[in-house]
Amino acid sequence: MFEPEVVYDSRRVIPPADHARPTTERPWVRRLLIAIAIAFMALVLVLPLVLVFTEAFRKGADAYFASFSDRQSQQAIYLTLLVAAIAVPLNLVFGVAAAWCVAKYEFWGKSFLTTLIDLPFSVSPVVSGMVYVLLFGAQSALHPLLKAYNIEIIFAVPGIVLATIFVTFPFIARELIPLMQDQGNTDEEAALSLGATGWQTFARVTLPNIKWGLLYGVLLCNARAMGEFGAVSVVSGHIRGKTTTMPLDIEILYNEYNFTAAFAVASLLALLALVTLVFKTILEFRFGDELAGTRRH
Amino acid sequence: MDIRVDTVRKEFSHYPALNDVSLDIRSGELIALLGPSGSGKTTLLRLIAGLEMPTAGRIYFGDEDASSKTVQERNVGFVFQAYALFRNMTVLDNISFGLSVRPRATRPPKAEIRRRALELLDLVQLTGLEKRYPQQLSGGQRQRVALARALAIEPRVLLLDEPFGALDAQVRKELRKWLREIHDRTGHTTVFVTHDQEEALELADRLVVMSQGKIEQVGTPDEVYDKPNGPFVFSFIGESSSMPVTVENHEIWVGGRAIGLPAPHDAIGEAVLFFRPHDVELVEDGSGAALAGVVAASRRVGGTRRVELEVGGNPNRVEIDLPFDHPAGEKTRIAFRPKRWRVYPKG
Ligand SMILES: Nc1ncnc2c1ncn2[C@@H]1O[C@H](COP(=O)(O)OP(=O)(O)O)[C@@H](O)[C@H]1O
Ligand SMILES: [Mg+2]
């Protein structure tokens, strides 16, 4: 006899019996813990965000928008966009290349390279900035050479770009490595066996396989590139209207007690954060299985 | 396309996965690489494809030395164990891929590529599914797409790694027959890897039995089954029973008694006797030399009864098949003689 009830159906939801729950907290304990978590998040995450916008609009919308007609703030916004526009594409290339090497090849020193990729995450951004000052600054051995060719790096835009690239390097590589390792080599091998060249294989097989993970990495990399303070602060020299990015500009305005302008610029960074968060959530929701499976930011 | 593998050795971090393997593959034949897991079948297949490079030795395609050619230059159709279909492409794009990546000079026009892809889709009996994505296909259908994709480049040789490994028994059987048909129709030289002896025996013109990075025996299914050249092949292919014996004076002896089987060798001393459980004849006990044992266990398998016998105080039991209505019970004494057997020197 055919009995439909016993047919295995993976879609059928089997409600877990209460006694089978792996966690055994009482309901009120659970509710209390959740409440504490929410209160904590409201205090340290939501409240500051709300404050940024209330401070920015304290003197009304006119004062808010007037902040952006200040030439030096405009310049800071422009420099931030410029730095991100250089650093993010470069890190896109470096990140894909590094992830490719680590995920698809076996070579001597691979685990060392993996550690190196993580270095910018583990080292304080201020130290990263100091390294560049030591490398290219007035005391360094390279300085006479740079001076001879009239190249300015420290206290100039190139230094800011370099520091930003360094600090944001891991985002894309770290997103891609587990993803590529997970996918293995066989798709690429299949493409090669069908006669595709290395570039065709990369463009038509590898890239489509990692595109959502890549976008995710770019998003995080961009958010950090625009928001980076520590490393940039060390190499920038804080020349208003020349070498200040938005985070540096905010600090200067704040120290000058120009709170409305400081929070107005800050509100832009906060908006960027919100937009990033929304896209990130959409990506995780829609393409969660095409992002790195093991780790979430 | 004849393929010659000439004393090929492949080491992964100093450990040899293939140990000086030589093999001649004839043009147009369907040949199976058969062996337990880890015996080096996939490695050999990948070396032929050019997905791995040998540590030593050469591989010839016809008269041409292909050893230093890249996988693209070798023009082989490779079907991967897990299909490796491109998940971001439709079935049609998957099949067209090999033609569409050709350099402009040799690339057929778009309409021609499409026509050929549809033709192949028809060959693998998937007409109408060209717009589907791989995730929307069953395992068997994916396997067919993978094969069509490999055939699209008009390969000089078709290489398949465990083509039916991930499918359930019913689909396996169908696809097996179907692969044979495709092979006969297209006439490609085909090498496929399997660890399933039944599949290899049923499908292949010739078998290559491998073990621990070496080729143990090459031959037609009948040759390999009827004349295994060593204990490994005898016990790996088909069912077998074995027991320790001695060979002296052109006779086989067990526990100091001749068992009525002539030995091909004069005297090799200690040896192992192999025979098939179903290939034995029963002998009236006491009427001449035979193997005699006491039934230790018996179970019915379909139309036969498989009994385990303890022969001459030997702790290893031997198995023989009897008609299922044979009245053999516990402790019954049974005398038998293998109809066909082989003895291999012990060691
Ligand atoms: N890429 C590799 N790196 C290291 N060892 C490998 C690699 N590929 C295969 N091997 C080893 O080579 C041996 C043969 O493997 P393989 O050819 O895959 O066997 P089979 O396909 O017969 O199961 C195994 O011991 C396996 O561990
Ligand atoms: Mg294998």
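Located above this text is the structure these notes cover.
Every value quoted in this text rests on a predicted model; they were computed, and no experiment measured them. (Residues numbered from 1 in each chain as written. Chains lettered and ligands numbered in written order. Predicted model: local features only at pLDDT ≥ 70, side-chain atom pairs only at ≥ 80, totals over all residues. Heavy atoms only, no water.)

Draft legend 1. Looking closely at the overall build of chain A. Looking only at helices and strands, chain A features twelve helices and zero strands. Computed over C-alpha atoms, the radius of gyration of chain A comes to 25 Å, more than 25% over the 19 Å expected from 2.2 N^0.38 for 297 residues, which places it beyond the range of a compact globule. By its C-alpha atoms, chain A is 90 × 60 × 30 Å across when sized along the principal axes. Taking the intrachain contacts of chain A between residues at least 6 apart in sequence as the baseline, contacts between residues at least 24 apart amount to 74%. Taken as two groups, the 22 positive and 23 negative side-chain charges of chain A have centres that lie 3 Å from each other. (Helix = DSSP H or I, 4+ residues; strand = E, 2+ residues; numbered from the N terminus. Rg over C-alpha atoms; globule rule 2.2 N^0.38 Å. Contact = heavy atoms within 4.5 Å. Lys, Arg positive; Asp, Glu negative; His and termini not counted. Charge placed at Lys NZ, Arg CZ, Asp CG, Glu CD.)

Draft legend 2. Focus on the sheet that holds strand β18 (residues 318-323) of chain B. Residue and element names in this part refer to chain B. Read across the sheet, five strands follow the order β15-β19-β16-β17-β18 without closing on themselves; strand pairing throughout is antiparallel. Taken across any chain shown, the strands that pair with only one partner, and hence form the sheet edges, are β15 (280-283) and β18. Each adjacent strand pair in this sheet contributes to an overall mean axis angle of 50 degrees, direction not counted. In the sheet, strand β16 (residues 291-301) pairs with strand β17 (residues 304-311) via eight bridges, with the strands oriented antiparallel. (Pairing = 2+ DSSP bridges. Axes fitted to C-alpha atoms, helices over the stretch in contact; angles between N-to-C directions.)

Draft legend 3. A look at the pairing of strand β9 (residues 206-211) of chain B. All names here are of chain B. Of all six residues in β9, six are buried; the element is thus mostly enclosed. Where burial is concerned, the two faces of β9 agree: the one with R206, V208 and M210 and the one with L207, V209 and S211 are both buried. Relative to β9, strand β3 (residues 30-34) runs parallel, the two being bridged by four bridges. Pairing of I31 across the sheet is with R206, part of β9. Taken together, the five bridges between β9 and strand β10 (residues 214-219) define a ladder with antiparallel strand orientation. Note that in β10 the partner of L207 across the bridge is G219. Adjacent in sequence and paired antiparallel, β9 and β10 are bridged by two residues, among which Q212 carries a positive phi angle near 50 degrees. (Buried < 20%, exposed > 50% of the residue type's maximum accessible area, 1.4 Å probe, protein only.)

Draft legend 4. Representation of the site of ligand 1 within the structure. Residues and elements named next belong to chain B. F12, Y15, A17, P36, S37, G38, S39, G40, K41, T42 and T43 make up every residue found near ligand 1. G38 has a polar backbone atom sitting 2.7 Å from an oxygen atom of ligand 1. The side chain of T43 places a nitrogen or oxygen atom 2.5 Å from an oxygen atom of ligand 1. Its free accessible area being 560 Å², ligand 1 has 59% of it covered by the protein chains. At the level of secondary structure, the elements contributing two or more residues to the shell around ligand 1 comprise β2 (15-25) and α1 (41-49). Broken down by element, the shell around ligand 1 gets its largest block of residues, three residues, from α1. Looking at side-chain class alone, the shell around ligand 1 contains four nonpolar, six polar and one charged residues. (Near = heavy atom within 4 Å. Polar contact = N/O pair within 3.5 Å; in protein donor to acceptor, adjacent residues only side chain to side chain. Areas by Shrake-Rupley, 256 points an atom, 1.4 Å probe, with all protein chains shown as cover. Nonpolar A, V, L, I, M, F, W, Y, C, P; charged D, E, K, R; others polar.)

Draft legend 5. Representation of the interface of chain B and chain A in the model. Taken together, the contact pairs 20 residues of chain B with 18 residues of chain A. Contact between chain B and chain A buries roughly 1700 Å² in total, counting both sides, with carbon and sulfur atoms accounting for 57%. The largest share of the area that chain B buries against chain A comes from Q72, R87 and V101 of chain B, three residues that together contribute 31% of it. Summed over the shared surface of chain B and chain A, the number is two salt bridges. (Buried area = accessible area lost by both parts, 1.4 Å probe. Salt bridge = Lys/Arg side-chain N within 4 Å of Asp/Glu carboxyl O.)

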